[in-house]
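Spelled out, the chains give:
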Amino acid sequence: MPEAKPYNIPKQLVWEAYQRVKANQGAAGVDGVSLTAFEKDLKGNLYKVWNRMSSGSYFPPPVRLVEIPKDNGGRRPLGIPTVADRVGQTVVKMVLEPLVEPVFHPDSEAYRPNRSALDAVGKARERCWKADWVVDLDIKAFFDSLDRQLLERAVAHHTDLPWVRLYISRWLRAPVQKSDGTLEERTKGTPQGGVISPLLANLFLHYAFDAWMQREFPRILFERYADDIIVHCRSRRQAEMVVEAIRGRFAQCGLELHPTKTRIVYCKDDDRPGNFEQIKFDFLGYTFQPRRAKNRWGKFFVSFLPAISAKAAKSIRKTIRNQCADGPGSRGARPSARRAGIR
């Protein structure tokens, strides 16, 4: 008789997790094994993941650090797990997500089934018409700053499955391997780029922000897409009070508001006169600001509306140029793009 495994993880769950990893594609991790190479011995590799996770002997390898350039000149660190580790993380996500999804706030839109960034933008658009002021929150180095003990307490609140809690703890502590091969230990945060990281980030901010806002400011509306947060206020005084309360709350949770990127914005339009320094903000690729609009009777007026941001438009033009240059028939595609006004 084979020895019973301490953790009951169905093989079918591992198979379904692999199917999701395959659909999402992705680069190789520190072992250099691509998805194609992983599939050459698919049965054996999936068995190893299942066997080690079921026995409690699965230890995640380091995540491969990749730094991508940001528009402001900085670099965003991403942690790329191995294919096998992405399968393991997906197994845990498939078990944990149904347990936490029902408690999440209705205005948390990121990384959730049947929700999108456009849902958050649409809500922000309507609420900017009703409330005069917006607090545009920016959390400094959010993914790198998560307090793992608070996060593990939140996970334990929703599941008593020991293997789910065990592997989340190990993933939070997995080191990062830099491009020169050196390993860097981490004391907090969760690697941005991991399969389980978005769910864990949502869970952390649910308790650090969403549920707290619901208790402390039940009449104040907000939209949250991961760590991008917009809060709607009736007056400047209320906005100033709310942002200071949020600053204190985040400090309790080990987070910090960016001192210059967090701003209070006036939603100026024809019905809201007055001169204020900040009258626009960016949210999920859209710039909200006073814009000329036409009503149903053909009369022009100024409304506070979103449109694609300059940064997002620049990124789209760059993507199109690259596709025209690299794709089939690129020699003929580039003049067409220029004639269409894509520069």
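Refer to the structure above for everything that follows.
Residues numbered from 1 in each chain as written. Predicted model: local features only at pLDDT ≥ 70, side-chain atom pairs only at ≥ 80, totals over all residues. Heavy atoms only, no water.

A. Expanded view of the overall build of the protein chain. Summing up its helical and strand segments, the protein chain has twelve helices and eleven strands in all. Summarising its shape, the C-alpha atoms of the protein chain cover approximately 80 × 60 × 40 Å along the three principal directions. Side chains of the protein chain carry 57 positive and 38 negative charges; the gap between the two charge centres is 5 Å. (Helix = DSSP H or I, 4+ residues; strand = E, 2+ residues; numbered from the N terminus. Lys, Arg positive; Asp, Glu negative; His and termini not counted. Charge placed at Lys NZ, Arg CZ, Asp CG, Glu CD.)

B. Expanded view of the sheet that holds strand β10 (residues 286-294). Spatially, three strands are ordered β9-β10-β11 in an open sheet, and the strand pairing comes out antiparallel. The open sheet has two free edges, formed respectively by β9 (281-283) and β11 (300-308), since each of these has just one partner strand. Direction aside, the axes of adjacent strands within the sheet are offset by 50° on average. For β9 and β10, the ladder comprises three bridges, and the chain directions are antiparallel. Across the sheet, the residue bridging to F281 is F288, located in β10. (Pairing = 2+ DSSP bridges. Axes fitted to C-alpha atoms, helices over the stretch in contact; angles between N-to-C directions.)

C. Looking closely at the packing of aromatic side chains. The tally for this structure, following the rule as stated, stands at 14 aromatic pairs. Between the aromatic rings of W133 and Y266, the centroid separation amounts to 4.8 Å while the plane-to-plane angle is 45°, which identifies the pairing as tilted. You can see W133 sitting in strand β3 (residues 133-138) and its partner Y266 sitting in strand β8 (residues 263-266), a full 133 residues away along the chain. Taking relative accessible area as the criterion, W133 reaches 6% and is therefore assigned buried. Ring centres of F209 and F222 lie 5.0 Å apart, and the angle between their planes is 75°; on these two criteria the pair is classed as edge-to-face. Of this pair, F209 sits in helix α9 (residues 197-216) while F222 sits in strand β6 (residues 222-225); the two residues are 13 residues apart in sequence, bridging distant segments of the chain. Residue F209 is classed as buried on the basis of its relative accessible area of 0%. Overall, F222 belongs to the buried group, its relative accessible area being 3%. Between K11 and the ring centre of W50, over which it is positioned, the NZ or CZ distance is 4.6 Å. (Phe/Tyr/Trp six-rings, centres within 6.5 Å; stacked < 30°, edge-to-face > 60°. Buried < 20%, exposed > 50% of the residue type's maximum accessible area, 1.4 Å probe, protein only. Lys NZ or Arg CZ within 6 Å of the ring centre and 35° of its normal.)

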